[in-house]
Amino acid sequence: MLKENIKKNIVIALLVIGSFTLAFSLLEIFLRTTNYHYYPLQIQVLGARTDNENNSGSDWRRYHIFEHDAFIFDPQLLWKPNPEYQIVDNDQPKHFFNTLGYPGPLFNPLTEGSQERIITIGDSHTLGLPIIDRQTGREVGWPAYLEANLGRTFEVINGGVWGYSSYQMLKRFQQALDYKPAIVRWTPSANDAHLVGVSDKEYGIIQIASTEALVKLRSAQLIQSLLDKMFKDTQKDKEQLVPRVSLLDYKTELSTVIDETSKRNIKLILLNRPLLHPYPDSEFENRFQEYNKLTELIARENSIHFIDVDALFATDSQHFADSSHLNEEGLKILANTLKSLLWPDI
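Residues numbered from 1 in each chain as written. Predicted model: local features only at pLDDT ≥ 70, side-chain atom pairs only at ≥ 80, totals over all residues. Heavy atoms only, no water.

**A few points about the packing of aromatic side chains**
Worth spelling out the cut-off: A pair of Phe, Tyr and Trp rings is counted when the ring centres sit within 6.5 Å of each other, with Trp represented by its six-membered ring. The angle between the planes then sorts it: under 30 degrees is stacked, over 60 is edge-to-face, the rest tilted. In this scheme, a residue with accessible area under 20% of its type's maximum is buried, one over 50% is exposed, and one in between is partly exposed, where area comes from a 1.4 Å probe on protein chains only.
This structure, assessed with the given rule, holds 18 aromatic pairs. Judged by centre distance (4.9 Å) and plane angle (80 degrees), the ring pair of phenylalanine 96 and phenylalanine 97 falls under edge-to-face. Overall, phenylalanine 96 belongs to the buried group, its relative accessible area being 3%. Note on phenylalanine 97: relative accessible area 3%, which makes it buried. For the ring pair tyrosine 102 and phenylalanine 107, a centre distance of 5.7 Å and an interplane angle of 70 degrees mean the geometry is edge-to-face. Judged by relative accessible area, which is 7%, phenylalanine 107 ranks as buried. Every member of this aromatic cluster is reached through a ring pair, and the members are Phe71, Trp79, Tyr85, Phe96, Phe97, Trp162 and Tyr164.

Here it is in C-alpha cells:
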C-alpha cells in the first residue's frame, strides 16, 4: 500500500512538472512569436537588445562571466582568469594565463627565492593586452616591461584582470598574499565608477542567475513586468543605478589593503589610473576622478608612496589605444617611468 502511494505521488509529481514545462515552453514560444520584450533599467545597462534599439550598456559583468573565453565563474571573485584560455602567438596557440591564473611564466608560490617579488593589483590597465611581446616573452603590459627593466633582482607578477572592480581586486590581493610579495602596487579600477543595477558586493549567484534569465527568457521578462506593476511603489528605488563600488566602499577596501600590507611588512605603492582627457563621457570621467583623488588623499594621509600616472598621460593621445587604455608604447613609457622614480640606481 505504501509503495503504491509513493508511486502514485511520483506519477503526480512528474505530471505536474511535465505540465508546467509544457506550459512554460508554449508561453515562451508565444512571446517570441509576438516579439515581446521587457527590459527594466537594470537589464538595459547590460546592453540588452531589442528589435528597435541596441543599448550600449555599462554593466559588463555578465559578459565576463558567461561569454568571455578568458574567464571562468568564481563564487567569490565572480570571474577569474581561465588557465585554458589561449591566444595565437607566432601562428601557434599559446596559453595566456599560467595554472595559478596570472599571465607570464609559472612562478613558485611557496618560496620567496632570491628575487624581490612585486605583485601588481588592478584592472585591464594593469593586465594589458592579450599579445606576447617578442623581447620579453610575456604579455604586453607595464608589469612585464617593468620586470624587464629591473633585471633579475625583481620578479613582477601581473595581478590585473580585465573588468575587475576594486571589490574583486581586494579579494585577489588577499589571495596573492600567500605568495609572500615584498612589494604590492595598487591602481584603482575605472570599473568602480560604471553605473549598474546592483553593486558588486550584492551581486551574488542568485542575482547572476536572475539576470541571465531576464536577458534570455521572454517568459522571465513577462513575470518581471507583472511583479514590477504589482509593486510599482517600491520599483522606483530599484530603477536607481549605482556604481559598481561606491566611494565609501572603495575607501574601506583600500584601508584593508593598507592594514594587511602593514601587518606583513610589505611595501605598498599606490598609483592612480590614467584616462585620456577630455574623456568622451564627461559624467563618467568626473565620477572616476573621485576614485583617483581618494587614492591620492589616502596615500598622503598614510605616508604611502603615490605616483600620479594620470597626470603623466592626461592629454597624451598618441600613447592611448582608446580613451581608457594605454597602447604598447604607452605601457613601455609607464614601466620606464616607474623604474626611474622608484629604482633610479638600477
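Alright, that's what it looks like, and here's the rest.
**A few points about the side chain of asparagine 292**
Condition: Secondary structure is summarised from DSSP: a helix means a run of H or I of at least four residues, a strand means a run of E of at least two, and numbering begins at the N terminus for each. Any two residues whose heavy atoms approach within 4.5 Å are treated as being in contact.
With respect to the element layout, asparagine 292 can be found in helix α11 (residues 282–301). On the accessibility criterion, asparagine 292 (2% relative accessible area) is buried. Residue contacts for asparagine 292: discarding those within four places in its chain leaves Pro188, Asn272, Arg273 and Asp310.

**Remarks on the pattern of salt bridges**
Rules: Each salt bridge in this description consists of a side-chain nitrogen of Lys or Arg and a carboxyl oxygen of Asp or Glu lying within 4 Å of one another.
On inspection of all chains with the given rule, the structure shows 15 salt bridges. Measuring nitrogen to oxygen at the nearest pair gives 3.1 Å for the salt bridge that ties arginine 62 to glutamate 67. Arginine 62 gets classed as buried once you look at its relative accessible area, which sits at 12%. The partner of arginine 138 in a salt bridge is glutamate 139, with the nearest N and O atoms 2.9 Å apart. Exposure class is identical for arginine 138 and glutamate 139. Each is buried. When salt bridges that share partners are traced, they join Arg61, Asp200 and Arg244 into one network.

**So, helix α6 (residues 166–176)**
Extensive coverage of α6 is indicated by the burial of 8 of its 11 residues. Listing the buried residues of α6 in full gives Ser166, Tyr167, Gln168, Met169, Leu170, Arg172, Phe173 and Ala176.

**Considerations on the nonpolar core**
Threshold: Put simply, buried Ala, Val, Leu, Ile, Met, Phe, Trp, Tyr and Cys residues joined by side-chain atoms within 4.5 Å make one nonpolar core.
Ranked by internal contacts, the top residues of the largest apolar core, which has 50 residues, are Phe173, Trp186, Leu268 and Leu270. The element best represented in this core is α11, accounting for 6 residues. Dropping the residues within four chain positions of it, tryptophan 186 is found in contact with Ile121, Ser166, Met169, Leu170, Phe173, Tyr250, Leu254, Val257, Leu268, Ile269, Leu270 and Leu271. Membership of the second largest hydrophobic core comes to 23 residues, among which are Val140, Trp142, Tyr145 and Ile307.

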